[in-house]
Amino acid sequence: MIRVLIVDDHRLFRSGVRAELGDSIHVVGEAEDVESAVKAIAELTPDVVLLDVHMPGGGGQEVLRRVLGSGGQVRFLALSVSDAAEDVIGVIRGGARGYVTKNISGRELTDAIRRVAEGDAVFSPRLAGFVLDAFASTEAPPIDPELDSLTQREREVLRLIARGYAYKEIAKELFISVKTVETHVSSVLRKLQLSNRHELSRWATARRLV
């Protein structure tokens, strides 16, 4: 039976995934942030890691860097609420074997885990185009120092701001408090030297982050 580690910073979501997988997949453990994920992978040696993209401590890309960079052989399947091209491409470039969104059914997730364990690449249908476009080009992506200065969570808040979400809606979407949203917005404004959310929206739209 395939051994799986669930990495996500929301306990209720981890419990839900475990229940959906049932007896068809052996869940060997759970982790809630980068540090606990790296430790659990080393100790439990799962076949597949279900990896959230946005987590405390650096997110899924940091887990990939630390585990695969040290020679780890485990396979990663990203499971995230985000369908942003930069998130998909970032974790795939980091070494993940697939990327599916959290609206996936339990049956589909089980199938995706099995395929990744066998060495296949798996993507939610809408996301496959991002990956094909990214790897079809032989040119390196342009460097954007301003964008690179933002954390993954700040980028996610920025993207939702640009889509017209209110602070309460962003908090609900990302499972964080309104105060935390306000803190992220203030940080983004400071880093980008912008004055208000309207300027943030224009900045994000210009970089096709929406």
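Residues numbered from 1 in each chain as written. Predicted model: local features only at pLDDT ≥ 70, side-chain atom pairs only at ≥ 80, totals over all residues. Heavy atoms only, no water.

Peer 1: Can you tell me about the overall build of the protein chain, naming the residues and giving the values?
Peer 2: Scanning the protein chain from terminus to terminus reveals 11 helices and 6 strands. Relative to the 2.2 N^0.38 estimate, which gives 17 Å for 210 residues, the radius of gyration of the protein chain is 17 Å and therefore close to what a compact globule would have. By principal-axis analysis of the C-alpha atoms, the protein chain measures approximately 55 × 40 × 30 Å. Taken across its 210 residues, the protein chain has 46% of its residues classed as buried. (Helix = DSSP H or I, 4+ residues; strand = E, 2+ residues; numbered from the N terminus. Rg over C-alpha atoms; globule rule 2.2 N^0.38 Å. Buried < 20%, exposed > 50% of the residue type's maximum accessible area, 1.4 Å probe, protein only.)

Peer 1: Help me get a handle on the pattern of salt bridges, residues and values and all.
Peer 2: Going through the model one piece at a time under the given rule, you end up with 9 salt bridges. In this structure, Glu30 and Arg18 form a salt bridge, with 3.0 Å as the shortest nitrogen-oxygen distance. Here Arg18 lies in helix H1 (residues 11-21) and Glu30 lies in strand E2 (residues 26-31), a separation of 12 residues in the sequence. We note a salt bridge from Glu156 to Arg159, for which the minimum N-O separation is 2.7 Å. One end of the pair is Glu156 and the other is Arg159, both in helix H8 (residues 152-162) and 3 residues apart, which spans about a single turn. An identical accessibility class is assigned to Glu156 and Arg159; each is buried. (Salt bridge = Lys/Arg side-chain N within 4 Å of Asp/Glu carboxyl O.)

Peer 1: Break down the side chain of Ser80 for me, with residues and values.
Peer 2: The residue Ser80 is located in strand E4 (residues 75-80) in this model. The class for Ser80 is buried, based on a relative accessible area of 0%. Here Ser82 takes part through its backbone nitrogen, which lies 3.0 Å from a polar atom of the side chain of Ser80. (Polar contact = N/O pair within 3.5 Å; in protein donor to acceptor, adjacent residues only side chain to side chain.)

Peer 1: I'd like to hear about helix H4 (residues 85-94), residue by residue, with values.
Peer 2: Within H4, burial applies to Asp87, Val88, Ile89, Gly90, Val91 and Ile92. Positive phi appears at Gly95, one or two residues downstream of H4, with a value of about 125°.

Peer 1: Hey, could you go over the sheet that holds strand E3 (residues 48-51) for me, with residue numbers and the actual values?
Peer 2: Within a sheet, each strand pairs with its neighbour through backbone hydrogen bonds, oriented either parallel or antiparallel. With respect to topology, 6 strands assemble into an open sheet ordered E2-E1-E3-E4-E5-E6, the strand pairing being parallel. Here the strands that pair on one side only, and so sit at the sheet edges, are E2 and strand E6 (122-123). Note: strand E1 (residues 3-7) against E2, 5 bridges, orientation parallel. For Ile6, the partnering residue across the bridge sits in E2 and is Glu30. Sheet contacts for H1: E1, E2, E3 and E4; angle to E2, the most-contacted strand, approximately 175°. Lying over the sheet, helix H3 (residues 59-68) contacts E3 and E4, oriented at roughly 175° with respect to E4. (Pairing = 2+ DSSP bridges. Contact = heavy atoms within 4.5 Å. Axes fitted to C-alpha atoms, helices over the stretch in contact; angles between N-to-C directions.)

Peer 1: Describe the pairing of E4, and please don't skip the residues or the numbers.
Peer 2: Of all 6 residues in E4, 5 are buried; the element is thus mostly enclosed. The pairing of E3 with E4 spans 4 bridges and is classified as parallel. Within the sheet, the bridge partner assigned to Leu50 lies in E4 and is Leu77. Read from E4 through H4 to strand E5 (residues 98-101), the crossover connection turns out right-handed. (Right-handed = clockwise from strand over helix to strand, strands pointing away.)

Peer 1: Provide a residue-level description of helix H9 (residues 167-174), including the pertinent values.
Peer 2: At 3.6 residues per turn, the α-helix brings residues three or four places apart onto the same side. The complete set of buried residues in H9 reads Ile170, Ala171 and Leu174. Across the axial projection of H9, the buried residues extend over an arc of 100°, all falling on one side. Of the exposed residues in H9, those oriented more than 90 degrees away from the buried face are Lys168 and Lys172. On its buried side, H9 packs onto H8 and helix H10 (178-192). (Arc of directions from axis to C-beta.)

Peer 1: Got a sec to walk through the nonpolar core? Specific residues and values, please.
Peer 2: The biggest cluster of nonpolar side chains holds 24 residues, and the ones touching the most others in it are Val63 and Phe76. Those elements that provide at least two residues to this core are E1, helix H2 (34-44), E3, H3, E4 and H4. When residues in this core are grouped by element, the largest group, 5 residues, is from H2. Among all residues touching Phe76, those that are not within four sequence positions of it are Ile41, Val49, Leu51, Val63, Leu64, Val67, Leu68, Ala96, Arg97, Gly98 and Val116. Of all hydrophobic cores here, the second largest spans 20 residues; its members include Val185, Leu192, Trp203 and Leu209. (Core = buried A, V, L, I, M, F, W, Y, C linked by side-chain atoms within 4.5 Å.)

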